[in-house]
Amino acid sequence: MASQWTTLSVDGQNMWAYMSLPDGPGPHPGVIVIPGGRGLGNFTPDFARRLAAAGYAAIAPNMYHRDDPTVQDESPFAKIGRLRDDTVIKDVNTSIRHLSTLPMVRGNRIGIVGFCMGGRVAYLMATVNPVIKAAGLFYPWHIMEPWGEGPSPWDRTPSLNCPVAGFFGEDDQLSTVEEAKKIDAELTRQGKFHEFHYYPGAPHTFMDNTSPQSYRPGASRDSWEKLLDWFQKYLRD
């Protein structure tokens, strides 16, 4: 397994991304990993490596690359507040194109997974890029609100292109069960294939093993296995 930081170009600017590739020539399915509000800390690169160990070429873009690098100690909410859907789409599409051009990657078998605000981005991208064949959403936040001008991810639901798996903590105060069930019901009403999973006693960021207060090993293990099953079904089989 080979892992490295790489630089992509978006609108003439550099965007850091972390990439982890499986052993062997492939071709392997690819997965875009969208980080949560804290950005590319330890959890997201580790998750990319876990995907690579499972046989998926993974790339995680830095969604905050447009920020002033001299600004320190800002809250994640301040950083998220500057994101806009039009530039987010450019960033993720650039990551998809980069991954798809690698000889070891199956360019017609690309998935996406995201956490917190990254889950929102994964939902958004599943509505705008038909290259994406499967999506995994971990406690997605702000799906029903637009970032900047244009429709929200929620408003784009009729254009959802792929099966979606969602993972939610029943004790989550940001991505609540009530909102998750509203999304669940609307996807059912519109005939969008999906599976949502709910974990008792799990708060927001229950998947993040670098956050001792919120990490829930049982929910983390189960959701990881279900995500791999989802990607196996739609990116391999």
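Heads up: the structure comes first, above all this text.
Heads up: these notes are all about the structure in this document. (Residues numbered from 1 in each chain as written. Predicted model: local features only at pLDDT ≥ 70, side-chain atom pairs only at ≥ 80, totals over all residues. Heavy atoms only, no water.)

**A word on the pairing of strand β5 (residues 105–115)**
A regular strand places its side chains on the two faces of the sheet in alternate fashion. In this sheet, β5 lies alongside strand β3 (residues 28–34) in parallel orientation, the contact comprising six bridges. Residue pairing for β5: Val33 is matched across the bridge by Val113. Once the chain exits β5 it traverses helix α4 (residues 117–128) before rejoining the sheet at strand β6 (residues 132–138), and the crossover so formed is right-handed. (Pairing = 2+ DSSP bridges. Helix = DSSP H or I, 4+ residues; strand = E, 2+ residues; numbered from the N terminus. Right-handed = clockwise from strand over helix to strand, strands pointing away.)

**Description of the packing of aromatic side chains**
For the structure shown, the criterion picks out 21 aromatic pairs. An angle of 80° between the planes, with centres 4.9 Å apart, marks the rings of Phe47 and Phe115 as edge-to-face. Note that Phe47 is positioned in helix α1 (residues 43–53) and Phe115 in strand β5, a separation of 68 residues in sequence. Accessibility classification places Phe47 together with Phe115 in one group, the buried group. Seen from their ring centres, Phe138 and Tyr139 are 6.1 Å apart, and the 70° between their planes marks the pair as edge-to-face. Taken individually, Phe138 and Tyr139 each receive the classification buried, so the pair is uniform in this respect. Aromatic ring contacts, followed pair by pair, group Phe43, Phe47, Phe115, Phe138, Tyr139, Phe167, Tyr199, Phe206 and Trp224 into a single cluster. Stacked on the ring of Trp147, the Lys or Arg Arg120 has its end atom at 3.7 Å from the ring centre. The cationic tip of Lys181 hangs over the ring face of Tyr198; the distance from NZ or CZ to the ring centre is 5.7 Å. (Phe/Tyr/Trp six-rings, centres within 6.5 Å; stacked < 30°, edge-to-face > 60°. Buried < 20%, exposed > 50% of the residue type's maximum accessible area, 1.4 Å probe, protein only. Lys NZ or Arg CZ within 6 Å of the ring centre and 35° of its normal.)

**Regarding helix α5 (residues 177–189)**
Under the 1.5 Å per step criterion, the end-to-end length of α5 is 18 Å for 13 residues, consistent within 8% with the ideal 18 Å. Turning to α5, its buried residues are Val177, Ala180, Ile183, Asp184, Glu186 and Leu187. Residues of α5 that are buried in the fold lie against α4, β7 (164–169) and β8 (194–199). Two residues or fewer past α5, Gly191 is found with a positive phi of approximately 70°. (Expected span 1.5 Å × (residues − 1). Contact = heavy atoms within 4.5 Å.)

**Let's talk about helix α6 (residues 217–236)**
Look at α6: 27 Å from first C-alpha to last across 20 residues, which is about the 28 Å you get at 1.5 Å a residue. For α6, the set of buried residues is Ala219, Ser220, Ser223, Trp224, Leu227, Trp230, Phe231, Tyr234 and Leu235. Looking straight down α6, one finds its buried side chains confined to an arc of 130°; they lie on one side. Turned more than 90 degrees from where α6 packs its buried face, Arg221 and Asp229 sit exposed. In this fold, the buried residues of α6 make contact with β3, α1, β5, β6, β7 and β8. (Arc of directions from axis to C-beta.)

**Section: the sheet that holds β3**
Pairing within the open sheet is mixed, and its eight strands lie in the order β1-β2-β4-β3-β5-β6-β7-β8. Pairing within the sheet leaves two strands with one partner each, and these edge strands are β1 (2–10) and β8. Adjacent strand axes in the sheet meet at a mean angle of 20° when their direction is disregarded. Two strands pair when backbone bridges link them, and strand β2 (residues 13–21) and strand β4 (residues 57–61) are joined in this way by four bridges, in the antiparallel orientation. Paired with Ala17 across the strands is Pro61, a residue of β4. (Axes fitted to C-alpha atoms, helices over the stretch in contact; angles between N-to-C directions.)

**Things to note about the nonpolar core**
Counting 75 residues, the largest nonpolar core has Phe47, Leu51, Val92, Val113 and Phe231 as its most contacted members. Excluding residues within four positions of it along the chain, Phe231 makes contact with Val31, Leu51, Tyr56, Ile112, Val113, Ala134 and Arg236. (Core = buried A, V, L, I, M, F, W, Y, C linked by side-chain atoms within 4.5 Å.)

**Description of the pattern of salt bridges**
Within the structure shown, the criterion is met by ten salt bridges. Between Arg66 and Asp11 there is a salt bridge, with its nearest N and O atoms 3.6 Å apart. Within this pair, whereas Arg66 is found in the loop between β4 and α2 (76–82), its partner Asp11 is found in the loop between β1 and β2, the two being separated by 55 residues in sequence. Ionic pairing is found between Asp91 and Arg66, a salt bridge with its closest N-O pair at 2.8 Å. Here Asp91 is found in helix α3 (residues 85–101), whereas its partner Arg66 is found in the loop between β4 and α2, with 25 residues between them in sequence. One salt-bridge network, held together by shared partners, links Asp11, Arg66, Lys90 and Asp91. (Salt bridge = Lys/Arg side-chain N within 4 Å of Asp/Glu carboxyl O.)

**Digging into the state of the cysteines**
Going through the model one piece at a time under the given rule, you end up with zero disulfides. Left unpaired, Cys162 is separated from the closest cysteine sulfur, that of Cys116, by 20 Å. Cys162 gets classed as buried once you look at its relative accessible area, which sits at 6%. (Disulfide = S-S within 2.5 Å.)

All we've got here are geometric facts, nothing functional implied.
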